[in-house]
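The lines below spell out each chain.
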Amino acid sequence: AQTVTQSQPEMSVQEAETVTLSCTYDTSENNYYLFWYKQPPSRQMILVIRQEAYKQQNATENRFSVNFQKAAKSFSLKISDSQLGDTAMYFCAFRPRSWGKLQFGAGTQVVVTP
Amino acid sequence: KAGVTQTPRYLIKTRGQQVTLSCSPISGHRSVSWYQQTPGQGLQFLFEYFSETQRNKGNFPGRFSGRQFSNSRSEMNVSTLELGDSALYLCASSLGQEEETQYFGPGTRLLVL
């Protein structure tokens, strides 16, 4: 069974600053995908970024980037130049390549302050 | 393209009743997955449908069931509602291929009284 652990329940960051969210996972699979989703107060789950395990290059999407360490089973998210609209719950998720179930972590609440 | 839509958005039921939630995937997407989100248990996988067939199932009692239609729209049904079924039910769609990302709908908030 796969598990996903997010050890930071809440993080606060000022506008324009950088924040890093941690995520670790446990799996015996070799081919899988990792995702970060954000869930703002509207509760709409929005994809932030995705990483394929077979790719060594870390994924980036504008101000969002990941640090993927496969051997350490670590997948952190860095939010640069934080904006008020980044305030949301951030979920790390794991999915084996072979089937569609997403396994989510408990989430990290990010609060961006002026 | 229109996103994933879910109806109704809010629902109040009483214990013992049953409820049906609907999900319309993104056009062209053939896979629909359902998740339950509660403060205590977090996000939990219910089931996945692909081409009208249940492909994967989570660890939920038989009161939770679903189906998918030929147009890929999906419904989930919960019978004999319990207070603990109060949750946000999220539907996600994908093309259904191995590496496809799941895109979520806005969810249905169910309150069981």
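Refer to the structure printed above.
Residues numbered from 1 in each chain as written. Chains lettered and ligands numbered in written order. Predicted model: local features only at pLDDT ≥ 70, side-chain atom pairs only at ≥ 80, totals over all residues. Heavy atoms only, no water.

## Remarks on the environment of Val112(B)
Residues and elements named next belong to chain B.
- Position of Val-112 among the secondary structure elements: in strand E11 (residues 108-112).
- Remark: the alpha-carbon pair of Val-112 and Leu-11, spanning 101 residues in sequence, is separated by 8.4 Å.
- The residues touching Val-112, leaving out its near neighbours within four places in the chain, are Lys-13, Thr-14, Arg-15, Leu-81, Glu-82, Leu-83, Asp-85 and Ser-86. (Helix = DSSP H or I, 4+ residues; strand = E, 2+ residues; numbered from the N terminus. Contact = heavy atoms within 4.5 Å.)

## Regarding the pairing of strand E7 (residues 64-68) of chain B
All names here are of chain B.
- As defined by bridge partners, E7 adjoins strand E8 (residues 74-78) across five bridges and the pair is classed as antiparallel. Opposite Phe-64, over in E8, you have Val-78 as the bridge partner.
- Taken together, E7 and the strand that follows it, E8, pair antiparallel across an intervening segment of five residues, in which Ser-72 is found at a positive phi of about 75°. (Pairing = 2+ DSSP bridges.)

## Some remarks on the pattern of salt bridges
- Tallied over the entire structure, the rule returns nine salt bridges over all chains.
- Here Asp86(A) makes a salt bridge to Arg63(A), at a shortest N to O gap of 2.8 Å. Placement of Asp86(A) in the loop between strand E9 (74-79) and strand E10 (88-96) and of Arg63(A) in the loop between strand E7 (60-61) and strand E8 (64-69) is noted, with a sequence separation of 23 residues between them. Taken as a pair, Asp86(A) and Arg63(A) share a single burial class, namely buried.
- Put simply, Asp85(B) and Arg63(B) hold a salt bridge, and the shortest N to O gap is 2.8 Å. A residue pair is termed long-range when its members are at least 10 positions apart, and Asp85(B) in the loop between E8 and strand E9 (87-94) and Arg63(B) in the loop between strand E6 (53-57) and E7 qualify at 22 residues.
- Here Asp85(B) falls in the buried class, since its relative accessible area comes to 4%.
- Ionic contacts of the salt-bridge type, sharing partners, join the residues Arg50(A), Glu52(A) and Lys55(A) into one network. (Salt bridge = Lys/Arg side-chain N within 4 Å of Asp/Glu carboxyl O. Buried < 20%, exposed > 50% of the residue type's maximum accessible area, 1.4 Å probe, protein only.)

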